[in-house]
Amino acid sequence: MFGLENITNNDGWAMAVVGASIVFMGLVVLSFVISQIHRLLNLWEDREKVISRFKQKPAAVKAPEKAEIVYGDQRLPSVEQLINAYKPLIEKLQEPFKLSQLFEIAKNNDMPHPHLSIQRLQEADVLVAQGDGTFTWNESIE
Amino acid sequence: MLDLLFQFLANTGYYLADYRNYIMLVVGCIFLYLGTAKKYEPLLLVPIGFGILVGNIPFFKGFGIGIYEPNSVLHYLYFGVTSGVYPSIVFMGLGAMTDFSSLLAQPKLMLLGAAAQMGIYFTLLGALFFGFAPKEAASIAIIGGADGPTSIFLTAKLAPHLIGPIAIAAYSYMALIPVIQPPIMRLLTTKKERLIKMPPSRTVSKKELLIFPIAGVLLCCFLAPTALPLLGMLFLGNFLKECGVVNRLANTAQSAIIDTATIFLGFTVGCSTQADVFLTPKSLGIFFLGAVAFSIATASGVIFAKIMNMFLKNKINPLLGAAGVSAVPGSAREVHLMGLKEDPTNFLLMHGMACNSSGVIGSAICAGILWSFFI
């Protein structure tokens, strides 16, 4: 038997279509799997980071409030230290002075965190507001 | 005394030879010439060529000499072919020699290896069209995979009487890659496409290389368990190489073992081309269909790469599609050379090897699928 009849009688069409589909599907699956191997390996190698990230997540939500306080407390000098550092600068200014003048002179003298430091001195009543936008140095707190 | 002399002379090859033996002896000499002088696949063509010479020396039947005679030495050696032992061993050695890192770096190139297998299924239809029996048609079609051991393995299972012509056709076309593939590649691609540069591959970690043979054997052999003798051994060889703790075994697999199997495989396949068995109209049909299979496989790889380019942002050089046939490393080398001819700074060898190695896996799966259709 020859020709298309031989192909049809021996399931040639089905064998060709099914065979081609299976080999294609097999290699597509294999290529997908091997394309993911390095990602899975990276994930496995960083598993401790990933696990710790999941574990720390609830704490991280509460953290911001505390973090600000902790940052301020740990990094900024105490009020006493700030008074000692800023007293020489105040002596250069004429009282009453504006906070912008104090900020400027603190910045020029490379004082760390001038904004936070001035705010702290204000909160500790070392810098006393005169009500017209100017401030004076409270000598009594020293 | 004269009677004894005449009796002896009547048993000599000179007396018993007919024109078909001489034709095959010439074919054997051509194989030896191509292998030694032209250096076309010498590791295969030299043992096959010499086997053709040995197999076509006429002898008096019944002495237990010929490869098809029970209890002959050649018959015992040939058992490794008919049982599928040699192809499996060759696959183990191949696995131990293959570096899959280029494939792991660019898994999308595996699709080109799949596309190039389409030649097998077109040829299956062609062989049936020309009147071959289904099992014979499947054995002929696998030539399109361009993989000698796979062709021999499947033919041994489905149509053992055709091992000689199919093996000779498969290995001949593998040796003729520099002649067959370039015109097809040029015909199906534009100069602009041939100039497409492939980006350098990423570095592949040792762990990836170690996991690949395990993932490969599990995925492929669950899909086509009949491919186990080939793919099981291929991935075993590769795991021996990559695990790094059995270097002695890996070195032996990629040298002494594969060399021994190749010698016996080539030599006995050559011997099996005895003129009375080999020179038949069927053999001519097999050679014709084999050429068709190989050409369609090359073309379908190239065309599929062009289709992929329609959807990809980073274009693939379509020449790589021709390396989807599993002729390692011949077709990858041919792709590389053609790429270099167009642009001396375009190096496609490693990308071609990725397609090549996926072609090896693909053709072994195809063999398993075709075998399973007839179980």
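The sections below set out a description of the structure shown in this document.

## Quick notes on the overall build of chain A
Right, on to step 1. Across its full length, chain A carries 6 helices and 2 strands.
Right, on to step 2. Counting over 142 residues, chain A shows a buried share of 29%.
Right, on to step 3. Look at the contacts in chain A between residues 6 or more apart in sequence, and 53% of them connect residues 24 or more apart.

## Here's the deal with the overall build of chain B
Right, on to step 1. Within chain B, the regular secondary structure consists of 21 helices and 0 strands.
Right, on to step 2. Whereas a compact globule of 375 residues would reach a radius of gyration of roughly 21 Å, chain B reaches 21 Å, a difference of no more than 12%.
Right, on to step 3. Across its three principal axes, chain B shows a C-alpha extent of roughly 85 × 45 × 40 Å.
Right, on to step 4. The 375 residues of chain B split such that 57% are buried.
Right, on to step 5. Within chain B, residue pairs in contact and separated by at least 24 positions form 78% of the contacts whose partners lie at least 6 positions apart.
Right, on to step 6. For chain B, the exposed area adds up to about 15,500 Å²; of that, 73% sits on carbon and sulfur atoms.

## Concerning the interface of chain A and chain B
Right, on to step 1. Every contact between the two is made by 31 residues of chain A and, on the other side, 39 residues of chain B.
Right, on to step 2. Around 2,900 Å² of area is buried between chain A and chain B when both sides are counted, 86% of it from carbon and sulfur atoms.
Right, on to step 3. For K207(B), the salt bridge is made with E45(A), and the minimal N-O distance between the two is 3.1 Å.
Right, on to step 4. The interface formed by chain A and chain B includes 6 residue pairs in polar contact (both at pLDDT 80 or more).
Right, on to step 5. Secondary-structure elements contributing two or more residues to the side of chain A that touches chain B are helix 1 (3-9) and helix 2 (12-45) of chain A.
Right, on to step 6. Of all the elements, helix 2 of chain A adds the most residues to the side of chain A that touches chain B, at 24 residues.

## A look at the environment of S88(B)
Residue and element names in this part refer to chain B.
Right, on to step 1. Its location among the elements puts S88 in helix 6 (residues 85-97).
Right, on to step 2. Taking C-alpha positions, S88 is 27 Å from I180, a pair spaced 92 residues apart along the chain.
Right, on to step 3. Not counting residues within four places of it along the chain, the set of residues in contact with S88 comprises F153, P229, L230 and M233.

## As for a nonpolar patch on the surface
Right, on to step 1. A cluster of nonpolar side chains, L4(A), W13(A), F129(B), F130(B) and F288(B), forms an exposed patch at the surface whose accessible area comes to about 530 Å².
Right, on to step 2. Structurally, L4(A) can be placed in helix 1.
Right, on to step 3. Residue classification places L4(A) among the exposed residues on the basis of a relative accessible area of 52%.

## Examining the packing of aromatic side chains
Residue and element names in this part refer to chain B.
Right, on to step 1. With the rule as written, the count across this model stands at 12 aromatic pairs over all chains.
Right, on to step 2. Between F153 and W371, the ring centres sit 5.7 Å apart and the planes meet at 85 degrees, which makes this aromatic pair edge-to-face. Of this pair, F153 sits in helix 11 (residues 148-158) while W371 sits in helix 21 (residues 349-373); the two residues are 218 residues apart in sequence, bridging distant segments of the chain.
Right, on to step 3. Its relative accessible area of 3% is what places F153 among the buried residues.
Right, on to step 4. Where F278 meets F287, the ring centres are 6.3 Å apart and the plane angle is 80 degrees; that geometry is what we call edge-to-face.

## Overview of helix 13 (residues 177-188) of chain B
Residue and element names in this part refer to chain B.
Right, on to step 1. With 12 residues, helix 13 ought to run about 16 Å at 1.5 Å a step, and its terminal C-alpha atoms sit 16 Å apart, in line with that.
Right, on to step 2. Those residues of helix 13 lying buried are I177, I180, Q181, P182, I184 and M185.
Right, on to step 3. Here the buried face of helix 13 lies against helix 12 (163-175), helix 19 (281-309) and helix 20 (330-342).

## A few points about the pattern of salt bridges
Residues and elements named next belong to chain A.
Right, on to step 1. Inspection of the entire model under this criterion finds 12 salt bridges over all chains.
Right, on to step 2. As a salt-bridge pair, K87 and E139 come within 3.8 Å of each other at their nearest N and O atoms. Here K87, found in helix 4 (residues 79-92), pairs with E139, found in the segment after strand 2 (135-137); they are 52 residues apart in sequence, far enough to count as distant.
Right, on to step 3. On the accessibility criterion, E139 (47% relative accessible area) is partly exposed.

## Notes on unusual backbone geometry
Right, on to step 1. The amide bond that connects E95(A) to the next residue, P96(A), takes the cis arrangement and shows omega of -10 degrees.
Right, on to step 2. Within the secondary structure, P96(A) sits in the loop between helix 4 and helix 5 (99-108).
Right, on to step 3. The omega angle of the peptide bond from V328(B) to P329(B) is -10 degrees, so this bond is cis rather than trans.
Right, on to step 4. The residue D110(A) is not glycine, and still its phi comes out positive at about 55 degrees.
Right, on to step 5. Note on placement: D110(A) falls in the loop between helix 5 and helix 6 (114-123).
Right, on to step 6. The phi dihedral of N71(B) is positive, around 70 degrees, even though this residue is not glycine.
Right, on to step 7. Considering the arrangement of structural elements, one finds N71(B) in the loop between helix 4 (42-55) and helix 5 (73-82).

## A look at the environment of L89(A)
Right, on to step 1. If you trace the backbone, L89(A) turns up in helix 4.
Right, on to step 2. Excluding anything up to four places from it in sequence, L89(A) contacts I105(A), A106(A), N109(A) and M111(A).

## Focus: the packing of helix 12 of chain B against helix 19 of chain B
All names here are of chain B.
Right, on to step 1. One way to put it is that helix 12 packs onto helix 19 with a least axis distance of 9 Å and a crossing angle of 35 degrees. Handedness of the helix 12/helix 19 crossing: right-handed. Contacts between helix 12 and helix 19 involve P165, I166, I168, A169, S172 and Y173 on the former and, on the latter, S283, I286, F287, F288, G290, A291 and F294.
Right, on to step 2. Its residues placed into classes, the contact of helix 12 with helix 19 shows 10 nonpolar, 3 polar and no charged.

Rules and cut-offs
Residues numbered from 1 in each chain as written. Chains lettered and ligands numbered in written order. Predicted model: local features only at pLDDT ≥ 70, side-chain atom pairs only at ≥ 80, totals over all residues. Heavy atoms only, no water. Helix = DSSP H or I, 4+ residues; strand = E, 2+ residues; numbered from the N terminus. Buried < 20%, exposed > 50% of the residue type's maximum accessible area, 1.4 Å probe, protein only. Contact = heavy atoms within 4.5 Å. Rg over C-alpha atoms; globule rule 2.2 N^0.38 Å. Areas by Shrake-Rupley, 256 points an atom, 1.4 Å probe, with all protein chains shown as cover. Buried area = accessible area lost by both parts, 1.4 Å probe. Salt bridge = Lys/Arg side-chain N within 4 Å of Asp/Glu carboxyl O. Polar contact = N/O pair within 3.5 Å; in protein donor to acceptor, adjacent residues only side chain to side chain. Patch = residues over 30% accessible without salt bridge, like charges linked within 9 Å, V, L, I, M, F, W, Y side chains within 5 Å. Phe/Tyr/Trp six-rings, centres within 6.5 Å; stacked < 30°, edge-to-face > 60°. Expected span 1.5 Å × (residues − 1). Axes fitted to C-alpha atoms, helices over the stretch in contact; angles between N-to-C directions. Left-handed = near helix turned anticlockwise from the far one by under 90°. Nonpolar A, V, L, I, M, F, W, Y, C, P; charged D, E, K, R; others polar.

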